[in-house]
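# Report on the structure
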Amino acid sequence: MKKVKKAIFPVAGLGTRFLPATKAIPKELLPVVDQPVINYAIEEAREAGIEKFIFIVSRGKSAIQDYFDHAPELEQVLELRDKRDALQVLRCTEIYAGDAIFVRQPRPLGLGHAIWCARNLIQDEPFAVLLPDDIVQGERACMAQLIEAYDSLGGSVIAVQQVPKERTSRYGILDPGERKNPLIEVKGLIEKPAPGRAPSDLAVIGRYILDPTVFDYLDLEIEGARGEIQITDAINNSIGKAAVHGFLFEGTRYDCGDKLGFLKANIVFGLKHSELGPGLKAFLKTIDLEG
Ligand code: G1P
């Protein structure tokens, strides 16, 4: 079985929910405490052994390219000022030459289309997808858990979690078959069904290992929910050609694509931060929550 070595990071979205903050800054570079949102997904992928980082970008996203690049002017200033800690932090953001690949998605045609834009780089290998809006924290990286499951099962393995029934219309939802926790056989997948149409309360979150057969469907450029080309439909169509499993991962997901989720992540990560945590905790206690 082929190993998962490449990951796709779809970062072409306009970030309209965060306007005006995202007018001139990609939403993926907004900070959760002291790191940009996208850094969390990169660290997770690194921990899972990913070697090639494929970013699906669009116009106006060149700051993401700069973020992962060498920054000689900044390094020079920090060296002159002997700021070793800051230098170390800065160097950790770099992706090794040749390991970061940027692909343009010329039109916003949906997540499935964004992933399809990387088809020539993936060819017939299994690959990971990490949606940077979702930050997942736990004892072990969520992607490492998925890769471990993939290494014994093959096919596609998708991270899932239970969501309240009234929220199914925000997610891809599983039609579950046999269940052997943490694995769930997938009989079908529906993108953003209304609560009455949802086959379960098991929602896909933004971490996938995908079998390259998903490209067969994406090649057809069929519009799905919201008039967009959906990866959920492509995975659904691949059932039968490749095994598809849901995986109930261990960890907590923060939806940073949503303002409230983003604020929650900042508070939780702030509280966990070794330097900032105690001060933030003390401050939160002084806030009059009714006021
Ligand atoms: C995307 C997927 C959806 C998945 C969700 C997880 O939706 O299309 O299936 O459940 O990510 O975050 P989006 O959040 O881009 O609307």
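Residues numbered from 1 in each chain as written. Predicted model: local features only at pLDDT ≥ 70, side-chain atom pairs only at ≥ 80, totals over all residues. Heavy atoms only, no water.

### Focus: the overall build of the chain
- Secondary structure assignment for the chain yields 11 helices and 13 strands.
- Relative to its length of 291 residues, the chain is compact, with a C-alpha radius of gyration of 20 Å against a globular reference of 19 Å.
- Dimensions of the chain, computed from C-alpha atoms along their principal axes, come out at roughly 60 × 50 × 35 Å.
- Within the span of the chain, comprising 291 residues, buried residues form 48% of the whole.
- Of the contacts made within the chain by residues no fewer than 6 positions apart, 75% connect residues no fewer than 24 positions apart.
- Counting only carbon and sulfur atoms, one obtains 51% of the accessible surface of the chain, whose full area is about 15,100 Å².
- Across the chain, the mean location of the 36 positive side-chain charges is 3 Å away from that of the 41 negative side-chain charges. (Helix = DSSP H or I, 4+ residues; strand = E, 2+ residues; numbered from the N terminus. Rg over C-alpha atoms; globule rule 2.2 N^0.38 Å. Buried < 20%, exposed > 50% of the residue type's maximum accessible area, 1.4 Å probe, protein only. Contact = heavy atoms within 4.5 Å. Areas by Shrake-Rupley, 256 points an atom, 1.4 Å probe, with all protein chains shown as cover. Lys, Arg positive; Asp, Glu negative; His and termini not counted. Charge placed at Lys NZ, Arg CZ, Asp CG, Glu CD.)

### Topic: helix α10 (residues 259-272)
- End to end, α10 covers 20 Å across 14 residues, agreeing with the expected 20 Å (1.5 Å per residue, within 8%).
- Within α10 the residues assigned to the buried category are Gly261, Phe262, Ala265, Asn266, Phe269 and Gly270. On an axial view of α10, the arc spanned by its buried residues comes to 165 degrees, and they lie on one face.
- Against β2 (31-32), α1 (37-47), β7 (134-137), β13 (252-255) and α11 (277-286) lie the buried residues of α10. (Expected span 1.5 Å × (residues − 1). Arc of directions from axis to C-beta.)

### Re the site of the ligand
- The environment of the ligand is formed by 14 residues, the closest being Asp134, Gly172, Glu191, Lys192 and Val204.
- Between the ligand and Gly172 there is a distance of 2.9 Å, counted from an oxygen atom to a backbone nitrogen or oxygen.
- Lys192 places a polar side-chain atom, nitrogen or oxygen, 2.7 Å from an oxygen atom of the ligand.
- At 4 residues, strand β11 (residues 202-210) tops the list of elements feeding residues into the shell around the ligand.
- Split into classes, the residues belonging to the shell around the ligand amount to 6 nonpolar, 4 polar and 4 charged. (Near = heavy atom within 4 Å. Polar contact = N/O pair within 3.5 Å; in protein donor to acceptor, adjacent residues only side chain to side chain. Nonpolar A, V, L, I, M, F, W, Y, C, P; charged D, E, K, R; others polar.)

### Remarks on unusual backbone geometry
- Going from Leu19 to Pro20, the amide bond is cis rather than trans, its omega being 5 degrees.
- Inspection of the secondary structure assignment puts Pro20 in the loop between β1 (6-10) and β2.
- Along the chain, Asn181 connects to Pro182 via a cis peptide bond; the corresponding omega equals 5 degrees.
- Even without being a glycine, Arg226 presents a positive backbone phi close to 60 degrees.
- Structurally, Arg226 is set in the loop between α8 (214-218) and α9 (231-238).

### Structural notes on the pairing of strand β12 (residues 244-248)
- With 4 of 5 residues buried, β12 lies mostly within the body of the structure.
- Direction of pairing for strand β10 (residues 183-191) relative to β12: antiparallel, over a ladder of 3 bridges. Bridging across to β12, Ile184 finds its partner in Gly246. (Pairing = 2+ DSSP bridges.)

### Comments concerning the pattern of salt bridges
- All told, the structure shown has 17 salt bridges when counted by the stated rule.
- A salt bridge links Glu43 to Arg46; its shortest N-O distance comes to 3.3 Å. Within this pair, Glu43 and its partner Arg46 are both found in helix α1, separated by 3 residues, close to a single helical turn.
- Of the residues examined, Arg46 reaches a relative accessible area of 29% and is grouped as partly exposed.
- Salt bridges sharing partners connect three or more residues here, namely Glu75, Glu79 and Arg91. (Salt bridge = Lys/Arg side-chain N within 4 Å of Asp/Glu carboxyl O.)

### Quick look at the side chain of Gln105
- Residue placement: Gln105 occurs in the loop between β5 (100-104) and α5 (111-116).
- Of note is the side chain of Gln105, whose polar atom sits 3.3 Å from the backbone oxygen of Gly110.
- Polar side-chain contacts of Gln105 include one of 2.9 Å to the side chain of His113.
- The residues touching Gln105, leaving out its near neighbours within four places in the chain, are Ala12, Ile56, Val57, Ser58, Gly110, His113, Ala114 and Cys117.

### A look at the environment of Pro72
- As for its position among the elements, Pro72 is in helix α3 (residues 72-80).
- Residues Pro72 and Pro278, spaced 206 residues apart in sequence, show a C-alpha to C-alpha distance of 35 Å.

### A word on the packing of α3 against helix α4 (residues 84-92)
- Where α3 meets α4, the axes come as close as 9 Å, and the angle between the chain directions of the two elements is 160 degrees. The angle between the axes of α3 and α4 places the two elements in the roughly antiparallel class. Crossing geometry of α3 relative to α4 is assigned as left-handed. Contact residues: α3 offers Leu74, Glu75, Leu78 and Glu79, while α4 offers Ala86, Leu87, Leu90 and Arg91.
- Of the residues belonging to the contact of α3 with α4, the class tally is 5 nonpolar, no polar and 3 charged. (Axes fitted to C-alpha atoms, helices over the stretch in contact; angles between N-to-C directions. Parallel < 35°, antiparallel > 145°, perpendicular 65-115°, else oblique. Left-handed = near helix turned anticlockwise from the far one by under 90°.)

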